[in-house]
Amino acid sequence: MNTNRLSEAMEKALSDQMNKEIHAAHVFLSYGIWADDKGYQGIANFLYRHAQEERNHSIKFMEYVLNRGGKPKVEAIQAPPADPESLTACFEGVFKHEVDNTTSIYRLVDLALQEKDWATWNFMQWFVQEQIEEETLAMNLMDKLKIAGGDRATDESLFTLDKTLEKAPNDVPLAQEATGDNP
């Protein structure tokens, strides 16, 4: 008896997203190694944690496909991009990667809506919310670096930024949780 409750197109799209999340983990791991090599251990630690979060996202997709009776397919993962030339390029790369991932998430939501696959549509809402956090986190990285002086930042301000990111949480406050007492 066939127990797969995903269309062939949806199963492939979800597997593709699982692989995209694995690629994201590799990208952030690569950026973390670059930062570590440059002496930014705090930034590296932040990026390593983010790489693990992306891997966890891939596992969520894997589990969902399996739970719906499908079989996710692991594909070859392309190599991460070349090392960034600067912290600005690194943080901009993180942001661009997250925006690209948001576009992929939205395509999955659209497909679920077209197919009237309400279980997948509901599953994807967590990722829609997550991408708000991810993009905000990346924008905050770029803002912090700009405040520190960007690529012309002093060693002291970069040291402070590095130490701040070492301890920074991986999540951000969301607009949906804001109140008058807690903006």
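Before reading further, recall that the structure is shown in the block above.
Just so it is clear, the structure is predicted and the values come from calculations on it, not from any experiment. (Residues numbered from 1 in each chain as written. Predicted model: local features only at pLDDT ≥ 70, side-chain atom pairs only at ≥ 80, totals over all residues. Heavy atoms only, no water.)

Novice: Is there a simple way to explain the overall build of the protein in this structure?
Specialist: Each helix and strand in the protein was counted, giving five helices and zero strands. Across the protein, helices and strands are ordered from the amino to the carboxyl terminus as α-α-α-α-α. Projected onto its principal axes, the C-alpha positions of the protein cover 65 × 45 × 20 Å. Classification of the 183 residues of the protein by burial places 44% in the buried group. Within the protein, contacts between residues at least 6 apart in sequence are counted, and of these 82% link residues at least 24 apart. When the accessible surface of the protein is summed, it comes to about 10,300 Å², and 54% of that surface belongs to carbon and sulfur atoms. On the protein, the mean spot of the 18 positive side-chain charges and the mean spot of the 31 negative ones are 4 Å from each other. (Helix = DSSP H or I, 4+ residues; strand = E, 2+ residues; numbered from the N terminus. Buried < 20%, exposed > 50% of the residue type's maximum accessible area, 1.4 Å probe, protein only. Contact = heavy atoms within 4.5 Å. Areas by Shrake-Rupley, 256 points an atom, 1.4 Å probe, with all protein chains shown as cover. Lys, Arg positive; Asp, Glu negative; His and termini not counted. Charge placed at Lys NZ, Arg CZ, Asp CG, Glu CD.)

Novice: Help me understand the packing of aromatic side chains in this model?
Specialist: Two aromatic rings are characterised by how far apart their centres lie and by the angle between their planes. Going through the model one piece at a time under the given rule, you end up with six aromatic pairs. Arranged with centres 4.1 Å apart and planes meeting at 10°, the rings of Tyr64 and Phe123 form a pair that is stacked. With Tyr64 in helix H2 (residues 41-67) and Phe123 in helix H4 (residues 118-148), this residue pair connects regions lying 59 residues apart in the sequence. Of the two residues, Tyr64 and Phe123, both sit in the buried class. Ring centres 4.8 Å apart and planes at 85° place the aromatic pair Trp126 and Phe127 in the edge-to-face group. Overall, Phe127 belongs to the buried group, its relative accessible area being 1%. By the ring-pair criterion, three or more aromatic residues cluster together here, those being Phe61, Tyr64, Phe123, Trp126 and Phe127. The cationic tip of Lys60 hangs over the ring face of Trp126; the distance from NZ or CZ to the ring centre is 4.4 Å. (Phe/Tyr/Trp six-rings, centres within 6.5 Å; stacked < 30°, edge-to-face > 60°. Lys NZ or Arg CZ within 6 Å of the ring centre and 35° of its normal.)

Novice: Help me out: how do you make sense of the packing of H4 against helix H5 (residues 155-167) in this one?
Specialist: Two quantities define a packed helix pair, namely the angle between the helix axes and the distance between the axes. Closest axis-to-axis distance for the H4/H5 pair is 9 Å, and the angle between their directions is 155°. Between H4 and H5, the angle falls in the class roughly antiparallel. Judged by the sense of rotation from one axis to the other, the crossing of H4 with H5 is right-handed. For the pair formed by H4 and H5, the contact residues are Leu141, Lys144, Leu145 and Ala148 on the first element and Ser157, Leu158, Leu161 and Leu165 on the second. Residues belonging to the contact of H4 with H5 are distributed by class as follows: six nonpolar, one polar and one charged. (Axes fitted to C-alpha atoms, helices over the stretch in contact; angles between N-to-C directions. Parallel < 35°, antiparallel > 145°, perpendicular 65-115°, else oblique. Left-handed = near helix turned anticlockwise from the far one by under 90°. Nonpolar A, V, L, I, M, F, W, Y, C, P; charged D, E, K, R; others polar.)

Novice: What am I meant to see in the nonpolar core here?
Specialist: Side chains of a nonpolar character, in soluble globular proteins, are inclined to be buried together. Judged by nonpolar contacts, the single largest core of 27 residues is most densely connected at Phe28, Ile43, Leu47, Leu87, Phe91 and Leu165. Discounting residues that sit within four places of it in the chain, Phe28 has contacts with Leu47, His50, Ala51, Glu54, Val94, His97 and Glu98. If you look at the next biggest cluster of nonpolar residues, it comprises 17 residues, including Leu6, Ile22, Ile105 and Leu108. (Core = buried A, V, L, I, M, F, W, Y, C linked by side-chain atoms within 4.5 Å.)

Novice: Sorry if this is basic, but what is going on with a nonpolar patch on the surface here?
Specialist: On the surface, a nonpolar cluster with roughly 310 Å² of combined accessible area is contributed by Leu113, Trp118 and Trp121. If you trace the backbone, Trp118 turns up in helix H4. (Patch = residues over 30% accessible without salt bridge, like charges linked within 9 Å, V, L, I, M, F, W, Y side chains within 5 Å. Salt bridge = Lys/Arg side-chain N within 4 Å of Asp/Glu carboxyl O.)

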